[in-house]
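Fold and contact review
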Amino acid sequence: MEISQIIKEARTKKGMTQQDLADRLNVSNKAVSRWERDESAPDITLIPALAELLGVTCDELLKGERITYSQQQEKKDVKVEKYVTVPEEYKNLKVTVTTQNGVTDEDVEYYIENQRRNSEAFQMKEGTVALGDMVNIDYAGSVDGEFFDGGTAEGYSLEIGSGQFIPGFEDQMVGMKEEEERTLKVKFPEQYAPELAGKDAEFVVKVHEIKQRVLPELTDEFVKELKIAKVKTVEAWKEFLKANLVTDRTEAANNKFEDDVFNKLLENNPVVIPDDMVNEGVERRVKQLEAQAKQYNMPVDLLLKYQGLESLEQYKELLVPGIKSNIHYELVIAAVAKQEKVKLLAADYNKYYRAYLLMQEALKGDFTHNYITANLSDADLGKDELSGKTYSRV
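Residues numbered from 1 in each chain as written. Predicted model: local features only at pLDDT ≥ 70, side-chain atom pairs only at ≥ 80, totals over all residues. Heavy atoms only, no water.

1. Thoughts on the overall build of the protein chain
Selection rule: For the purposes of this entry, the term helix denotes a DSSP run of H or I that reaches at least four residues, the term strand denotes a run of E that reaches at least two, and both are numbered from the N terminus. Burial classification: accessible surface area is computed with a 1.4 Å probe over protein chains only, and a residue below 20% of its type maximum counts as buried, one above 50% as exposed, and the rest as partly exposed. Only the protein chains shown count as cover for residues, with accessible areas throughout obtained via the Shrake-Rupley method and a probe of 1.4 Å.
Regarding its fold elements, the protein chain presents 15 helices and 5 strands. Here the protein chain holds 394 residues, and the buried ones make up 35% of them. Within the structure as shown, the protein chain displays about 24,100 Å² of accessible surface, and the carbon and sulfur contribution to it stands at 48%.

Below, the structure written as structure tokens:
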């Protein structure tokens, strides 16, 4: 079954016309008609809302596979009792609670100073080059009197002390003036291009322009430029930051407590993990790797080499410990969830698809259908919701 059939059948079952669905999604009637004739597909960002309106899961729409609720439950109900038996005392776990320190004025000032440093600008300066300055230079490099490829440039911008050039280059520029020319004597590192590695070189450098970093003053105008809703003054910003830091630390403390609870639960319930589950996890990660390689238009072996790995077999071996740990977690959580009769509904899965897409939008992520289907599934997105519901029972 294709996505077009799922949309048409689910829409009809809901008693909606094409125009009804179009209005709810803020698209044209023609767009819905094209979807149902399989002439086009919905934009990936519409999938969560479309799934919710039609009463299906995002996974079903993306993969073009309709699954009844009973089939879905049969597929998801792993016989966890074969691998783990969770005792009744899972409700009485003893975990140490770490008390979080309050937010101080120093904490707020530290954040403010970081923000000011991130907002630094370069301005023209008189005098000589210093560490941290931005200079505009011409340079020409030679080895044994011969110029080499890539060793010459004009109007190049370089931040002194950034380490962008080979050791000794930037340090020897400190103290130079505008329009001054100087010969720098350096040595290429041993780990460099073979034709230059370990060789002595000279660079003739001329400085055209010197700029220095300027830290912006902490004023109401600076705060306004941050464009924070309802925050227009320095004092209001400080209050805003303090409230955010309190929220962040509270969430961090809660997350740590939840992690400690789950870690104690796993510690008390060791699991013999079946090889077929491990192999399935490894193959899933390999498929994701292949999708990533295809996205970069390169062979898998080359992508692995960029990650410092020699072979696909080495990659698989490195995956096993993490996959076993994840399976241990999933089995124990599933066992408690089953005992507590915790179930996930289509709305739970769709909520996580929506959250994922929002996150990708914030990160300017890839919304392509192939990327989503290669990297996500209902099981992946429902896992956190299941954990959250299970946590409330522990």
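Alright, that's what it looks like, and here's the rest.
2. Regarding the pattern of salt bridges
The test is simple: The salt bridge definition used is simple: a Lys or Arg side-chain nitrogen within 4 Å of an Asp or Glu carboxyl oxygen.
A complete count under the given rule lists 16 salt bridges for this structure. Between D260 and K256 there is a salt bridge, with the nearest N and O atoms lying 2.9 Å from each other. Taken together, the residues D260 and K256, both in helix α9 (residues 234-267) and 4 residues apart, mark about one turn of the helix. Here the salt bridges do not stand alone but share partners, grouping E120, E159 and R213 into one network.

3. Looking at the confidence of the model for the protein chain
Note the cut-off: Per-residue confidence from the predictor is reported as pLDDT, a score between 0 and 100. Contacts between residues were defined by any pair of non-hydrogen atoms, one from each residue, lying within 4.5 Å.
Averaged over all residues, the pLDDT of the protein chain equals 82, while 78% of them reach at least 70. Below pLDDT 50 for its whole length, residues 69-77 participates in 12 contacts with residues either more than four positions away or in separate chains. This stretch, residues 362-382, has a pLDDT under 50; its non-local contacts, to residues over four places away or in other chains, come to 44 contacts.

4. A few points about unusual backbone geometry
Its identity as a non-glycine residue notwithstanding, D38 has a phi of 60°, on the positive side. Position of D38 among the secondary structure elements: in the loop between α3 (29-36) and α4 (47-54). Although it is not a glycine, D144 sits at a positive phi angle of roughly 55°.

5. A word on the pairing of strand β3 (residues 146-159)
For clarity, the threshold we go by: Only strands joined by at least two bridges in the DSSP assignment are considered to pair.
As defined by bridge partners, strand β2 (residues 134-143) adjoins β3 across 8 bridges and the pair is classed as antiparallel. Paired with Y139 across the bridge in β3 is A153. As consecutive antiparallel partners, β2 and β3 are separated by 2 residues, and within that stretch D144 has a phi angle of approximately 55°, a positive value.

6. Examining helix α12 (residues 312-339)
Since one α-helical turn is 3.6 residues long, residues separated by three or four positions face the same way. Just so we agree on the cut-off: Expected span of a helix: the number of residues minus one, times 1.5 Å.
Spanning 28 residues, α12 covers 39 Å between terminal C-alpha atoms, matching the ideal 40 Å at 1.5 Å per step. Every buried residue of α12 is listed here: Y315, L319, I323, I327, H328, L331, V332, I333, A335, V336 and A337. Residue K341 follows α12 closely and has a positive phi angle near 60°.

7. Focus on the packing of α9 against α12
Heads up, the condition is: Comment: axis = line fitted to C-alpha atoms, over the contacting stretch for helices; angle = value between 0 and 180 degrees taken between N-to-C directions. Roughly parallel refers to an angle under 35 degrees, roughly antiparallel to one over 145, roughly perpendicular to one between 65 and 115, and oblique to any angle outside these ranges. The residue classification treats Ala, Val, Leu, Ile, Met, Phe, Trp, Tyr, Cys and Pro as nonpolar and Asp, Glu, Lys and Arg as charged. All others, Gly included, are polar.
Between α9 and α12, whose axes approach to 10 Å, the crossing angle comes to 90°. If you check the angle between α9 and α12, you find them roughly perpendicular. Residues F262, L265 and L266 of α9 form the contact with α12, whose own contacting residues are H328, Y329, V332, I333 and V336. Per-class residue counts for the contact of α9 with α12 are 7 nonpolar, 1 polar and no charged.

8. Examining the nonpolar core
The following threshold applies: By convention a nonpolar core is built from buried Ala, Val, Leu, Ile, Met, Phe, Trp, Tyr and Cys residues, the set being connected through side-chain atoms within 4.5 Å.
Residues L265, V278, V282, Y315, I323 and I327 are the most contacted members of the largest nonpolar core, which totals 24 residues. Looking at this core, the elements that each hand over two or more residues are α9, α10 (275-295), α11 (300-306) and α12. Ranked by the residues each element gives to this core, the list is headed by α12, at 8 residues. Apart from the residues within four sequence positions on either side, V278 is in contact with I273, V320, I323, K324 and I327.

9. Section: the environment of R213
Definition in use: Here a polar contact is recorded for every N or O atom pair within 3.5 Å, except that within protein the pair must consist of a potential hydrogen donor and a potential acceptor, and residues adjacent in sequence are included only if both atoms are side-chain atoms.
Tracing the backbone through its elements, the reader meets R213 in strand β5 (residues 200-214). In this structure, the C-alpha to C-alpha distance between R213 and M124, residues 89 residues apart in sequence, is 9.0 Å. Not counting chain neighbours up to four residues away, the residues in contact with R213 comprise E120, A121, F122, G132 and E159. Among the polar contacts listed, one links the side chain of R213 to the side chain of E159, at a separation of 2.8 Å.

10. Quick word on the packing of α10 against α12
Rule in force here: By the definition used in this description, the sense in which the near helix is turned from the far one sets the handedness, with an anticlockwise turn below a right angle giving left-handed and a clockwise turn giving right-handed.
Across the interface, α10 lies against α12 with an axial gap of 8 Å and an inter-helix angle of 125°. Considering the angle they form, α10 stands oblique to α12. Between α10 and α12 lies a crossing whose hand is right-handed. Residues M277, V278, G281, V282, E283, R285, V286 and L289 of α10 touch α12, and the partners they reach there are L312, Y315, K316, L319, V320, I323, K324, I327 and L331. The class makeup of the residues in the contact of α10 with α12 is 12 nonpolar, 1 polar and 4 charged.

11. Let's talk about α10
Along its 21 residues, α10 runs 30 Å from first to last C-alpha, staying within 8% of the 30 Å computed at 1.5 Å per residue. Within α10, burial applies to M277, V278, G281, V282, V286, Q288, L289 and A293.

12. Focus: the packing of aromatic side chains
Test applied: Ring pairs shown here join Phe, Tyr and Trp side chains whose ring centres sit within 6.5 Å, with only the six-membered ring taken for Trp; geometry is labelled stacked below 30 degrees between planes, edge-to-face above 60, and tilted in between.
Inspection of every chain in the model, using the stated rule, returns 13 aromatic pairs. Ring centres 6.0 Å apart and planes at 85° place the aromatic pair F148 and F203 in the edge-to-face group. In this pair, F148 sits in strand β3 while F203 sits in strand β5, placing the two residues 55 residues apart along the sequence. A residue is classified by how much of its surface remains accessible, and F203, at 6% relative accessible area, is buried. Within the aromatic cluster, the residues linked to one another by ring pairs are Y139, F148, Y156, F165, F169, F188, Y192 and F203.

13. Points about the environment of E179
Within the secondary structure, E179 is located in the loop between β3 and β4 (181-187). For the pair E179 and V207, spaced 28 residues apart in sequence, the C-alpha separation works out to 5.1 Å. Not counting chain neighbours up to four residues away, the residues in contact with E179 comprise K206, V207 and H208.

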